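# Per-entry structural report
Spelled out from the first residue to the last, the chains are:
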Amino acid sequence: MLRLCLASSEFTPFAKTGGLADVAAGLSRYLADIGQDVRVFLPLYGTIDRRDLALTPVEFLQNAVIPFEGRAEQFSVLTTPIPDSPHSIYFVDCPQRFGRNAIYASDGDEHLRFGTFCRAVIQSCQHMGWAPDIIHCHDWHTALIPLYLRSLYEWDNLFSETRTVLTIHNLAYQGLFPADVVTELGLDAYRRLLWQDDLEQGRINFLKMGIVYADAVTTVSRTYADEIRTEGSGCGLHELLQSRSDHLFGIVNGVDYGQWDPATDPLIEANYTREDLAGKKKCKTALLREMGLRAGPDVPTLGMVTRLTAQKGIEILYEPLSEMLGALDVRLIVLGSGEERYESFFTRLESAFRAKMCFYRGFQNRLAHMIEAGCDMFLMPSRFEPCGLNQMYSLKYGTVPIVHRTGGLADTVEPWDAETGRGTGFVFEHHTPDGARWAIGEALRTFGEPTAWRQLIRNGMAMDYSWSRQGRAYLSLFARLCDK
Ligand code: ADP
């Protein structure tokens, strides 16, 4: 049995802005289910409604003190069962840092919020007298843990056998701060361990420190692991990542089919399986009705559920979607929120094609499930996509993904080949309007061939990206790192 400590800034269902939350929950659940000693730590954000949770204070972890330069932070640890799971989670309660109405804030103390969290996780292990074999860090928010273990906590033999793993969910977010926060983080005496060029240029980069000091670095697909070692996709860190190639691994995320399976999903109109797709039609009708769109079952319906950020590559859809809605009898349903330019594009598209298109601005889990179940096709034109979850949900729901060949999209969607009847979706090579136009056109054409379409759907629904498959790769990496 391995002792595994997982530190994450997000965890479904307590705190989620994107895929990280689902991955932290799904991976830890898998590892705990197979009998590993897993302890998960998450900040107790002000956004988490305490009244809904049976929070139990961990007696020996109340008002613990983290000494920083000239001041101290206090935290307590509370535990609560994870809904729909036999396992529990530890919340780090530090109201002065996490008692805000947002998971991520822009109040000028983001470095301290997550620096404090990193140290609280380490000190919690100390108070528990629990020596983790692995501390698994996720993204920049917890990327200082390996450095803290080599500096402020180096004296503690409890961690002498502990190995650290940093998983990069998205290299574009690195946690960059001015160098003067080094003192506040308690790292003044360890400046020699920091990245000297950065310090000279007046900054510190949390993620970079994690890449340098973690025993292994993983990212969330094999293709993304290759891409981030190139200048074009390395976000300034490609040379460092190249230098760590022997310790860098791409492991495709798993999917929590406990939440995302049309056979059991309680959030959709009717359940269905690969063998009996009748329920999918009902889901389509219910979705169209709820969105105020009218159409028969043979009208192809495309969906999107996404953060509306530059990463998601929306620009290349501007022309193809306008043309498609202008010329063809199709429906389009988009759920998302984010940057103004993309929101206003979809708002304009909706006003121009009210009978064919619906844009729901916001974040709504139930509607996300309904779109996955009720659409025929799912669009993901991402400029880059470390892994992506929605295309894997789409496969499971028999909703054919149309994707750009990048990162995890390349690893999980196999191009449809009409000759052989193999493949699971439509994959375009060039991130241009023409690329997207071609793939959407191919998908619509194939939709008109019911036998081929059924085959395509069935191929996708047979794919298995469950954590019980994907989680094994993490487990063997962890075991290898600690020689167990
Ligand atoms: P990313 O982490 O880059 O946002 P992923 O595809 O890995 O992209 O994960 C996105 C997750 O967030 C999925 O579970 C998706 O269903 C969910 N999601 C994204 N936007 C919304 C939204 N507007 N409403 C509901 N769920 C959303």
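Quick caveat, the model's predicted, so the values are computed rather than measured. (Residues numbered from 1 in each chain as written. Predicted model: local features only at pLDDT ≥ 70, side-chain atom pairs only at ≥ 80, totals over all residues. Heavy atoms only, no water.)

## Digging into the layout of surface pockets
Quick note on the threshold: Space inside and on the surface of the protein is sampled on a 1 Å grid over the protein atoms alone, with a cavity defined as a set of points where a 1.4 Å probe fits but cannot get out and a pocket as an open set with protein on both sides within 12 Å along at least 5 of 7 lines; lining residues have an atom within 4 Å of a point. Grid points are joined across faces, edges and corners, and a volume is the space filled by probe spheres set on the points. Here the term charged refers only to Asp, Glu, Lys and Arg, the term nonpolar to Ala, Val, Leu, Ile, Met, Phe, Trp, Tyr, Cys and Pro, and the term polar to all other amino acids, Gly among them. The domain limits used here are those given by an automatic or database domain assignment. To qualify as a helix, a DSSP run of H or I must reach at least 4 residues; to qualify as a strand, a run of E must reach at least 2; elements of each kind are numbered from the N terminus.
Size it by volume and the largest pocket reaches roughly 1200 Å³. Looking at the lining of the largest pocket residue by residue, the class counts come to 20 nonpolar, 19 polar and eight charged. Inspection of the lining of the largest pocket shows a minimum of three residues originating in each of domain 1 (3-254 + 468-482) and domain 2 (278-465). In this structure, the second largest pocket occupies an estimated 670 Å³ of space. Contributing to the lining of the second largest pocket are 34 residues, with Thr12, Ala25, Gly26, Asp256 and Gln259 lying nearest its centre. For the lining of the second largest pocket, the secondary-structure elements that each account for two or more residues are helix H1 (19-33), strand E2 (37-43), helix H13 (365-374) and helix H18 (467-481). Top contributing element to the lining of the second largest pocket by residue count: H1, with eight residues. Per-domain counts for the lining of the second largest pocket show at least three residues from each of domain 1 (3-254 + 468-482) and domain 2 (278-465).

## Points about the environment of Ala179
Our working rule: For this analysis, residues touch if any pair of their heavy atoms sits within 4.5 Å.
For Ala179, the location among the structural elements is in the loop between strand E9 (176-178) and helix H5 (181-184). In this structure, the C-alpha to C-alpha distance between Ala179 and Met370, residues 191 residues apart in sequence, is 46 Å. Every residue in contact with Ala179, bar those within four places of it in the chain, is listed here: Arg191, Leu199, Gly202, Arg203 and Ile204.

## Describing the packing of helix H16 (residues 433-447) against helix H17 (residues 450-461)
Threshold: Here the axes come from fitting lines to C-alpha atoms, over the contacting stretch only for helices, and the angles between their N-to-C directions go from 0 to 180 degrees. The cut-offs work like this: below 35 degrees is roughly parallel, past 145 is roughly antiparallel, 65 to 115 is roughly perpendicular, and the gaps in between are oblique.
Where H16 meets H17, the axes come as close as 7 Å, and the angle between the chain directions of the two elements is 115°. On the basis of the axis angle, H16 is roughly perpendicular to H17. Contacts between H16 and H17 involve Ala443, Thr446 and Phe447 from the first element and Pro450, Ala452, Trp453 and Leu456 from the second. Split by residue class, the contact of H16 with H17 holds six nonpolar, one polar and no charged.

## Description of the domain arrangement of the chain
Our working definition: Two parts placed together each lose some accessible area under a 1.4 Å probe, and the buried area is that loss summed for both. When a carboxyl oxygen of Asp or Glu lies within 4 Å of a side-chain nitrogen of Lys or Arg, that pair is called a salt bridge. Polar contacts here mean pairs of N or O atoms no more than 3.5 Å apart (in protein, one a potential hydrogen donor and the other a potential acceptor; neighbouring residues in sequence count only if both atoms are side-chain atoms).
Partitioning the chain into domains gives domain 1 (3-254 + 468-482) and domain 2 (278-465). If you look at the interface, domain 1 gives 19 residues, while domain 2 gives 17 residues. Taken over both partners, the interface formed by domain 1 and domain 2 buries close to 1400 Å², and the fraction arising from carbon and sulfur atoms is 55%. One can count zero salt bridges joining domain 1 with domain 2. Our count for the domain 1 to domain 2 interface comes out at ten residue pairs in polar contact (both at pLDDT 80 or more). Secondary-structure elements contributing two or more residues to the side of domain 1 that touches domain 2 are H1, helix H8 (222-227) and H18. Per element, the largest residue contribution to the side of domain 1 that touches domain 2 is four residues, and it comes from H8. For the side of domain 1 that touches domain 2, the per-class residue count stands at five nonpolar, nine polar and five charged.

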